[in-house]
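For reference, the chains in residue letters:
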Amino acid sequence: MLNRLEAQSPDALLALIKMHAADDRPDKIDLGVGVYRTGQGDTPVFAAIKAAEQILVDEQDSKSYLGPEGDIGFVNALMPYIFGENATMGGRLAGMQTPGGTGAVRLAVALAQKAGMTKLHMGTPSWPNHAQILGDIDLEMVPFEHANPDGTANVEAVLSAIRGAAPDEGVLLHGCCHNPTGIDYSSAEWDVIGDAIVETGIFPIIDTAYHGLGHGLDEDVAGLRSVLAKVPEAFICYSCDKNFGMYRDRVGAFYILADGQETLDKAFSNANALARASWSMPPDHGAAAVRLILRDSELTLKWQDELEQMRNRMRQVRDTLAEAGVAGSVDLAPLGTQNGLFSVLPVSKEQVAQLREDHGIYMAGSGRINIAGLTMGNIEKFVNAIAEVTG
Ligand code: LMR
């Protein structure tokens, strides 16, 4: 029976991790998978997380089952940070814990399809796993161009996708720090997008995996909040992989905004059933640590401080790249105004391979780079290599 299966190529991003590890050049640079690194090239556990984990070790008295919705204390503690003061939006918003942001996206797409969504419009390029999840669940994806060649958001494209859609269709938006382009909508653009969503009745799914890595915790979700203030229904997918550094602990959340309590309960019960059939219940440890941080004002400040240091470092790398200006045929200036871990360079697959083979610089075939893989010590080598390969 298994012989009937077609072999699948490994996920290209995850394959890069192995290729980079196998390279023994001491000055190799890993700009592949989206993991934050310090100026020394490390991905340390947050001190706030270490402290919370210690509390867990000392005080957790049971590891008995919780349920498909996971650690609701964690889910609720995050809400004011994502949704603001009126976090439950008058009882119309509720969430559940998921295994990472990926679990939240999978749940969102599966639930949308179960509720009758026929197509999902999505700006491309996007995180490659978005398309993989849609393909696996078998929901049709309709692409539109996310960005203009000059490094700005293609607002016309998203608006025309939304305005041309039927109410049984959906649109997937990145809440902030767009993956892979780093190109986000401005507040004025989010405003118009929200209005267009209301006009057509298209269903928004907002994936927010980099909250706090752009301009700040409030700033990064201002667009999301402005859309949610207008629309009757939405799904929000959230990840703590990056902003709490929880990557392998798989800490995410899925929120449903409904037009009233009854619909919310119905939708939530379906999300619960899908979660139960998929992973039964999410892993608890990381979510419990995040909950402990958010319920303790000192730990919360420590976490926010660590997040700010990450943000500042990435801004410094972006500013340095932007100041370098043009390298070969690549204008690095737009990277200065983009946000978060990623930007895409206009390089060909052959140039990406050459950067890897000749210079030990690892990046996705799409030309996406992880900004946090650059440090004040290797940025010059990187800019020179881009100039040489594309010049
Ligand atoms: C990335 O895009 O590199 C991250 O979101 C990690 C992943 O799971 O792909």
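Scoring rules and cut-offs
- Residues numbered from 1 in each chain as written.
- Predicted model: local features only at pLDDT ≥ 70, side-chain atom pairs only at ≥ 80, totals over all residues.
- Heavy atoms only, no water.
- Helix = DSSP H or I, 4+ residues; strand = E, 2+ residues; numbered from the N terminus.
- Contact = heavy atoms within 4.5 Å.
- Polar contact = N/O pair within 3.5 Å; in protein donor to acceptor, adjacent residues only side chain to side chain.
- Salt bridge = Lys/Arg side-chain N within 4 Å of Asp/Glu carboxyl O.
- Buried < 20%, exposed > 50% of the residue type's maximum accessible area, 1.4 Å probe, protein only.

Caption draft 1: Region of interest: the environment of methionine 141. Position of methionine 141 among the secondary structure elements: in strand β4 (residues 140-145). The spacing of methionine 141 and lysine 119 is 22 residues in sequence and 5.8 Å in space, taken between C-alpha atoms. Look past the residues within four positions of methionine 141 in its chain and what remains in contact with it is Leu120, Met122, Thr124, Ala131 and Leu134.

Caption draft 2: Quick peek at the side chain of glutamine 97. For glutamine 97, the position within the fold is in strand β2 (residues 93-99). Of note is the side chain of glutamine 97, whose polar atom sits 2.7 Å from the backbone oxygen of proline 283. Ignoring anything within four residues of it in the chain, the contact list for glutamine 97 reads Pro68, Glu69, Gly70, Asp71, Phe74, Val75, Gly252, Ala253, Pro282, Pro283, Asp284 and Ala287.

Caption draft 3: Main features of the pattern of salt bridges. Throughout the structure, instances matching the rule amount to 10 salt bridges. When the shortest N-O distance is used, the salt bridge between aspartate 27 and lysine 381 registers 3.1 Å. Placement of aspartate 27 in the loop between α1 (12-22) and β1 (29-30) and of lysine 381 in helix α13 (residues 379-390) is noted, with a sequence separation of 354 residues between them. Relative accessible area serves as the criterion here: at 43%, aspartate 27 is assigned to the partly exposed category. The class of lysine 381 is partly exposed, set by a relative accessible area of 24%.

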